Amino acid sequence: MKKIFTIAMVIALVAAFTLPAMAETKFSFKGAYRVRGFMLSNPSLQADQAAVKATGTLGKETYTAPILATGEGPSQSWMDMRFRMESTFTVSDRLAVVTRFDALDNKRYGDPDTVGTSANIDWDRAYMVVKTDFGKFQAGRMAGGTYGNVFLDTETERDRVRFDTMLDKWVISLIYEKQVEIDGGTLWTDSDADVYYAAATYLSEDLRGGLLVGYGNVKAFSDLNGLQAYQYAVAPGVTLPLPYDSSLLLADPFVNANFGDFNVSAEAQIRWGKYAEFDRDVYQSGITMIDAWRKSAGLGPQGDIDYDAYAWNLEGSWASGPFGAEIGYAWVKGEDDPYDDKYESVGGLGDDWGKAFILTNTDSGFEATLGGHGGAAAAGATAGNLSSGSTAALNGCKMFYLGGSYSPMDNLTISALFANSKSESPGYVGYSTTLGATGNGGAPLPKDARNFASDHGSEYDLTINWDIYDNLNYTFIAAFLDVGDYWQFGNPYRELENTWCFWQQLQLSF
């Protein structure tokens, strides 16, 4: 019923507000072409490593896995490109269609031709805009994953129906978003994920602030479709996908206030609800098997898993003439125990925040490689920085940063930043299914054996931003990470090496 209602609403809105007489369609576009250069020194953080035998007793808290003899991690150097264009087809003062595509997205210089792949041309956005006397409707594939300040943002493409209207200085937004749909043309009857948002945002010259609330009704894993089903180890080398539902509630307040030369910004996100709610009437036999495995590992019966995740950022900045400064703190709760009844991570700092180039930026080349130890992270952890998708991101962080900038000319800015970060919940996010990285034969390791050191390290960044012409920008970044013991992933015998990088980008906008 909800799908029929959504389709009917979109069709009705377009029919109701399309004027009989249309002006000639107008076309406008904007975009950019960029070239980037990367030079990363030892992103694996691996030093010259002598062979170390296993220590302690398998399955005990003191156990450490053996380490093979290896050399220092290799450096990496490459160039890539991207052409992006956004087009607007204006039918009338009230009607428009907006599209966007990327071509040769992140294609490296020297790679083969990408014709026939999504990397060649990726048409990622297309949506209609219908303006009425009481608000603006949008429907289609558009930007999503952002609100408020940049903290925790990960801009991506979402299939949405959206309504925005102005009430004095407030923008009221209502959004329906379809994230997963597996029903169409399949045997599945209820495998989808719907998210509903409502936001009130205040906008004035010196003050921006607001609150976004959301509800996610996720049944994408309710049928045994195997896409991302919650995996449990039932025996060494054997896993069972267990269907479940999720119901996420979130609140995202933010504020950004100017006081003359000073600015204060803050943002938070709170998540609660059910991360995994298992259907015991339908899947009791599978849960019984899981309970037997958990009992053999010294754990209680499998229960539902609740969200208990939150994060916040507070930043102050100052700018006067050619000088600027900033100071801030980010606190992101982390997840380190997959066997309890809480899921405590918002998933990282977000792909767009990018405050510290090595530790958080997703344009750096470190976002999927940091701490990789020769291509595969130690202790079964997932390599990568604190943005998203890695064990470090799931473990959360407590980051202090301090920066300053100087503009000797109107078109040139030189800035520096220092950041120190520690993991909020340092530990192994996962489980063992083989005699592999965790070395415990399918059973979960004791909690103390999963603990990592907390120190991510201290980072030092230098950035030069030069507007060569009005539409041509050059950016140079040099960054150095004094690596902390967190990246040993719980094994104190693993040798680490610091890392540094040079990064450049030339971008022409039009």
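The structure we're discussing is the one just above.
Now for a look at the structure at hand. It should be emphasised that the depicted structure is a prediction, and the values quoted were computed from it without experimental measurement.

### What about the pairing of strand β21 (residues 499-509)?
By the bridge criterion, 10 bridges tie strand β1 (residues 26-41) to β21 in an arrangement that is antiparallel. By the bridge assignment, R34 is partnered in β21 with Q507. Where strand β20 (residues 472-483) lies against β21, 10 bridges are found, and the strand directions are antiparallel. Bridging from a neighbouring strand, N473 pairs with Q507 of β21.

### Quick word on the side chain of Q138
Within the element layout of this structure, Q138 appears in strand β5 (residues 135-144). Since its relative accessible area comes to 11%, Q138 is described here as buried. In this structure, Q138 is in contact with Y127, M128, V129, R160, V161, R162 and D164, ignoring residues within four places of it in sequence.

### Focus on the packing of aromatic side chains
Within this structure, the stated rule accounts for 33 aromatic pairs. Judged by centre distance (5.7 Å) and plane angle (75°), the rings of F452 and Y486 are edge-to-face. On the criterion of sequence distance, the pair formed by F452 in the loop between α5 (447-450) and β19 (455-469) and Y486 in the loop between β20 and β21 is long-range, its members being 34 residues apart. Here F452 and Y486 have matching classes, each one buried. For the ring pair F452 and F489, a centre distance of 5.5 Å and an interplane angle of 75° mean the geometry is edge-to-face.

### A few points about the pattern of salt bridges
When the charged atoms of two side chains with opposite charge come close together, those side chains can pair. As enumerated under the stated definition, the model contains 22 salt bridges in all. For R100, the salt bridge identified is with E157, shortest N-O distance 3.4 Å. One end of the pair, R100, is in strand β3 (residues 95-108); the other, E157, is in strand β6 (residues 156-167), with 57 residues separating them in the sequence. With a relative accessible area of 7%, R100 lands in the buried category. You can call E157 buried: its relative accessible area is 17%. The residue D192 makes a salt bridge to K178 at a minimum N-O spacing of 3.1 Å. You can see D192 sitting in strand β8 (residues 192-203) and its partner K178 sitting in strand β7 (residues 170-181), a full 14 residues away along the chain.

Calculation rules
- All residue numbers refer to positions counted from 1 along the written sequence of the respective chain.
- Side-chain atom pairs in this predicted model are given and counted only at pLDDT of 80 or more, local residue features only at pLDDT of at least 70, and totals for whole chains, interfaces and linings cover all residues.
- As a convention, hydrogens and water are excluded, and side-chain values are obtained from all of the structure's heavy atoms.
- Strands are treated as partners if at least two bridges between them are detected by DSSP.
- By definition, any uninterrupted DSSP run of H or I lasting at least four residues is a helix, any uninterrupted run of E lasting at least two residues is a strand, and each is numbered from the N terminus.
- Partly exposed residues are those whose accessible area sits between 20% and 50% of the maximum for their type, while under 20% is buried and over 50% is exposed, using a 1.4 Å probe and protein chains only.
- The contact criterion used throughout is that any non-hydrogen atoms of two residues lie within 4.5 Å.
- Working definition: rings of Phe, Tyr and Trp (its six-membered ring) pair if their centres are within 6.5 Å, and the pair is stacked with planes under 30 degrees apart, edge-to-face with planes over 60 apart, and tilted otherwise.
- For salt bridges, the criterion is a side-chain nitrogen of Lys or Arg within 4 Å of an Asp or Glu carboxyl oxygen.

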